[in-house]
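Descriptive analysis of the structure
So the chains spell out like this:
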Amino acid sequence: MLSRRSFLGLTSLALLGGGRAHASEFWDEVKTPGLRLWRQDMTRARAALRARRLAQAREAASAAIRRLPERAEGWLVRGLAAGEAGELDAARDDLLHARRLDPAALDEPAEGARAGELLARAGSHAEAAEVLGRVLARARSGQARHGLYGLYGDALSVLGPERLEDAERAYREALRDSPHDPRASLGLALVLVRGRDDDLEWRELARRIAALGRLDALLLGLEVPEPERAARRAVVLEALGDAAGARTAWTAASRDGAWAEDARRRLGP
């Protein structure tokens, strides 16, 4: 509730200031007490996040959340700041809470793309896929949009056989304008192995990745669980004819996840 002094001060601002903006701010504050200070907190939080002053960004966003906890933006900015600081669990919790408060909270392309990446890194691949799907539906065409399709494909592919076709479409879209994109090429090779094991396309893709000579670095940079990294390694080793290495990788891939049974099947009896 507004105190009498605050109310009279805002009334004077609206009446004596004479501006339509001042009047609007006055009535906004009447309808939503604390909104003016919340906006100031959010301005500080966003400025600090842009400058990578992450502790300050989280502090200002937390102040905004205390004022108006039902508004999603404070949770979003605090989650992004936590993610930039490497605190993925905190980032995931805040980002998902922002989305619960407002399903469109993560739809802005730049913030949504980063949120989707952080959710994937935190292991929330279903939520990451939902966020990235919404972002891609709203993003303009261009290199940045196509770059997201590889990440989207990875998030989808983790979810199991029921999303395999969606993952393939995402990877092919990523490769449409960037035909040699390593992430999408490797993801598509794995999708093709899982969906059409006799398709020779996956061997060409996997050999192309192997020729780059940076497989370990590529795998390390993916926002997927360890069994999924192992499955991608297995595909490349199979394409190179390294049966023993591929078997070791498929064994690692069989330990957990939606594709564990598929990996065990490839190991045989």
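Residues numbered from 1 in each chain as written. Predicted model: local features only at pLDDT ≥ 70, side-chain atom pairs only at ≥ 80, totals over all residues. Heavy atoms only, no water.

**What about the packing of aromatic side chains?**
Aromatic ring pairs: the centre-centre distance and the angle between the two ring planes describe each pair. All chains considered together, the criterion is met by one aromatic pair. Directly above the aromatic system of Trp38 lies the positively charged group of Arg71, at a separation of 5.2 Å from the ring centroid. The residue whose ring lies beneath Arg266 is Trp250, and the NZ or CZ to ring-centre distance is 5.4 Å. (Phe/Tyr/Trp six-rings, centres within 6.5 Å; stacked < 30°, edge-to-face > 60°. Lys NZ or Arg CZ within 6 Å of the ring centre and 35° of its normal.)

**Overview of the packing of helix H3 (residues 35–50) against helix H4 (residues 54–67)**
For the pair H3 and H4, interaxial distance at closest approach is 8 Å and the crossing angle is 160°. In terms of orientation, H3 and H4 fall into the roughly antiparallel class. Considering only the axes of H3 and H4, their crossing is left-handed. Contacts between H3 and H4 pair Leu37, Trp38, Asp41, Met42, Arg44, Ala45, Ala48 and Leu49 from the former with Leu54, Gln56, Ala57, Ala60, Ala61, Ala63, Ala64 and Arg67 from the latter. When grouped by side-chain class, the residues that make up the contact of H3 with H4 number twelve nonpolar, one polar and three charged. (Axes fitted to C-alpha atoms, helices over the stretch in contact; angles between N-to-C directions. Helix = DSSP H or I, 4+ residues; strand = E, 2+ residues; numbered from the N terminus. Parallel < 35°, antiparallel > 145°, perpendicular 65-115°, else oblique. Left-handed = near helix turned anticlockwise from the far one by under 90°. Contact = heavy atoms within 4.5 Å. Nonpolar A, V, L, I, M, F, W, Y, C, P; charged D, E, K, R; others polar.)

**Regarding the nonpolar core**
By size, the foremost hydrophobic cluster in this structure holds 81 residues, and its most contacted members are Leu95, Tyr152, Val235 and Trp250. Broken down by element, this core gets its largest block of residues, eight residues, from helix H11 (residues 182–195). Beyond its immediate sequence surroundings of up to four residues, Val235 is in contact with Ala189, Leu190, Val193, Trp202, Ala206 and Trp250. (Core = buried A, V, L, I, M, F, W, Y, C linked by side-chain atoms within 4.5 Å. Buried < 20%, exposed > 50% of the residue type's maximum accessible area, 1.4 Å probe, protein only.)

**Thoughts on empty space enclosed by the protein**
Under the counting rule described, the total for this entry stands at one cavity of 30 Å³ or more. As a volume, the largest cavity reaches approximately 40 Å³. Forming the walls of the largest cavity are Pro182, Ile209, Leu212, Arg214, Leu215 and Leu218. (1 Å grid on protein atoms, 1.4 Å probe; cavity = no way out; pocket = protein on both sides within 12 Å on 5 of 7 lines; lining within 4 Å. Points joined across faces, edges and corners; volume = space filled by probe spheres on them.)

**So, the confidence of the model for the chain**
Summing up the model confidence of the chain, the mean pLDDT is 88 and the portion of residues at 70 or higher is 85%. Taken as a whole, residues 1–18 scores under 50 in pLDDT and shows 17 contacts with residues more than four places along the chain or in a different chain. (pLDDT = per-residue confidence, 0-100.)

**Details of H4**
Its 14 residues place the ends of H4 20 Å apart at the C-alpha level, agreeing with the 20 Å of an ideal helix rising 1.5 Å per residue. Among all positions of H4, only Leu54, Ala57, Ala60, Ala61, Ser62, Ala63, Ala64 and Ile65 are buried. Of the surrounding elements, those touching the buried residues of H4 are H3 and helix H5 (72–84). (Expected span 1.5 Å × (residues − 1).)

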